[in-house]
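Each chain is listed here by its residues.
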Amino acid sequence: MAFKIGLLGLGTVGTGTAEILLSPEGRHPLVQELEIYRVGVRSLDKPRTVQLPPDILTTDIEAIVTDPEVDIVVEVLGGLEPARSLILKAISHGKHVVTANKAVISRFGDEIFTAANSSGVYVMLEAAVGGGIPVIQPLKQALGVNRIQAVTGIVNGTTNYILTRMRDEGADFGEVLADAQKLGYAEADPTADVDGLDAADKIAILASLAFGGRIKLEDVYCEGISGVGAADIAYAEKLGFAIKLLAIAKKVDSDKEKLSVRVHPTLVPKIHPLASVSGVYNAIFVEGEPIGQVMFYGRGAGAGPTASAVVSDIINIAAVLKTRDASKLHPLLSCSHQHYCQIAPMEELVTRFYARFLTKDSPGVIGKLGTCFGDRGVSLESVVQTGFQNEFAEIVVVTHDVREGNFRQALDEIRTLDAVDSIASLLRVL
Ligand code: HSE
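Colleague: Summarise the site of the ligand; cite the residues concerned and give the values.
Modeller: Around the ligand, the surrounding shell consists of Lys102, Asn156, Gly157, Thr158, Asp193, Asp198, Lys202 and Ala301. Side-chain polar atom of Asn156 to an oxygen atom of the ligand: 3.3 Å apart, as the coordinates give it. At a separation of 2.5 Å, an oxygen atom of the ligand approaches a polar side-chain atom of Thr158. Those elements that place two or more of their residues in the shell around the ligand are α6 (157-169) and α9 (197-211). Of the residues contributing to the shell around the ligand, the split by class is 1 nonpolar, 3 polar and 4 charged.

Colleague: I'd like to hear about unusual backbone geometry, residue by residue, with values.
Modeller: Cis geometry marks the peptide bond from Glu81 to Pro82; its omega dihedral reads 10°. Of note in the backbone geometry, Asn390 takes a positive phi value of approximately 55° without being a glycine. Under the relative-accessibility criterion, Asn390 is labelled exposed at 72%.

Colleague: So what's going on with the side chain of Thr158? Which residues, and what values?
Modeller: Here Thr158 lies in helix α6. Thr158 sits in the buried class, given a relative accessible area of 13%. What Thr158 contacts, discounting residues up to four positions off in sequence, is Tyr185, Ala186 and Asp193.

Colleague: Can you break down the nonpolar core residue by residue, with the values?
Modeller: By size, the foremost hydrophobic cluster in this structure holds 82 residues, and its most contacted members are Ile162, Ile203, Leu206 and Val220. Ranked by residue count, the leading element in this core is α9, at 9 residues. Beyond its immediate chain neighbours, meaning those up to four positions away, Ile162 contacts Phe173, Val176, Leu177, Ala180, Val194 and Ile225. Core analysis: the next-biggest nonpolar cluster, separate from the first, contains 36 residues, Leu21, Ile36, Val74 and Ile314 among them.

Colleague: How would you sum up the side chain of Thr152? Please name residues and give values.
Modeller: Mapped onto the secondary structure, Thr152 falls in strand β7 (residues 147-154). If near-sequence neighbours (up to four positions away) are discounted, Thr152 is found in contact with Leu246, Ala247, Ile248, Leu274, Ala283, Ile284, Phe285, Glu287 and Leu430.

Colleague: How would you explain the sheet that holds strand β1 (residues 3-8) if you had to name every residue and give the values?
Modeller: In a beta sheet, neighbouring strands pair by backbone hydrogen bonds and run either parallel or antiparallel. Pairing is parallel across the open sheet formed by 6 strands, whose spatial order is β3-β2-β1-β4-β5-β6. The sheet is open, and its two borders are formed by β3 (57-58) and β6 (123-124), each paired with just one other strand. Looking at chain direction, strand β5 (residues 96-99) and β6 are connected through 2 bridges and run parallel. Bridging across to β6, Val98 finds its partner in Met124. Helix-sheet contacts for helix α3 (residues 83-92) involve β1, β4 (72-75), β5 and β6, and the interaxial angle to β5 is about 155°.

The rules behind each value
Residues numbered from 1 in each chain as written. Predicted model: local features only at pLDDT ≥ 70, side-chain atom pairs only at ≥ 80, totals over all residues. Heavy atoms only, no water. Near = heavy atom within 4 Å. Polar contact = N/O pair within 3.5 Å; in protein donor to acceptor, adjacent residues only side chain to side chain. Helix = DSSP H or I, 4+ residues; strand = E, 2+ residues; numbered from the N terminus. Nonpolar A, V, L, I, M, F, W, Y, C, P; charged D, E, K, R; others polar. Buried < 20%, exposed > 50% of the residue type's maximum accessible area, 1.4 Å probe, protein only. Contact = heavy atoms within 4.5 Å. Core = buried A, V, L, I, M, F, W, Y, C linked by side-chain atoms within 4.5 Å. Pairing = 2+ DSSP bridges. Axes fitted to C-alpha atoms, helices over the stretch in contact; angles between N-to-C directions.

If you want it as structure tokens, here you go:
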């Protein structure tokens, strides 16, 4: 018996998926049982690199999700609409769904999984986070018996590529971004990547799986990389850190009922495995009890890697459909949680900070900074003054762990000091 696939979209990921399905040799035997039954495209005239019988292509995408013959709908259109509506319609017509759409899942996961559970179908999303890296299924299955403490990821290749080049070339953000756009490593509109929004979608999904509760995307704190300067990368290097855009979901130490879920540029100690993840690569570092630390590393985007994740979801569904009573969902493949996780506000976060101040080069400035920090209980790990930016001295401070709210109060006071021109940058330290 072949499983009939309705593929929605024949762009980069759709083409990669079709290529795997059309050449099953040497892959898992279940791939031979998958038939590309219909492919929904926006235009029939566009030249294609993959050879498909012309009669299976259609622009009537909605007809695919309602077609009684289709077993599994694979949504690789991207974007919010019509992807969300098509997924919901497929579910209401009893189709299982495989999607690579992190934007839809992070915003509408509640609606989609509630609908999927009541229709008795699976919605699978391995390709939505980390491209080809298997991380969704491990969180659901192999790591499921662990009490997860933290998931920390480099989940956006564009920003990791930009930060890597800034470090390697000593270049500024704007310069590298423009070149990355020219070379096709960054989108013409890079907002979703550089502002951390893409990473926020992904950590919302990872947090939900790791901690067994739903996450409201608006609760995810998000800060991009455009404020990271060449000077910060150079100071971080000297102090023994690499700067990475990290997506973090972590149990709050003081209140285990709460999570901190956030995306921001972070100083990562060079000895940490995430510090050596360079270029467009992604990695997800999971800490749990009793497993300890596990890291997943690989290509976070691209036709082949993402299609590998898509087809792995399809064969997982096919395997279950072949062997199980379809009236009950497999508990390791379906979504079983319904409550929302409690998210701690950022001022409750306890972390180390890096701050770079531009100040007058006059006696007592470091002392005044130290007093403002000391008054708020902020303990400093290091203070360095090595350079100048025009007429201003550059003072770089790294704190010990501090409650973010206290640190920000100290900064408010520091801003009022005559000797302080500006706080040029402020980054968290892993
Ligand atoms: N835009 C993403 C990135 C890839 O730069 O990693 C798709 O998730």
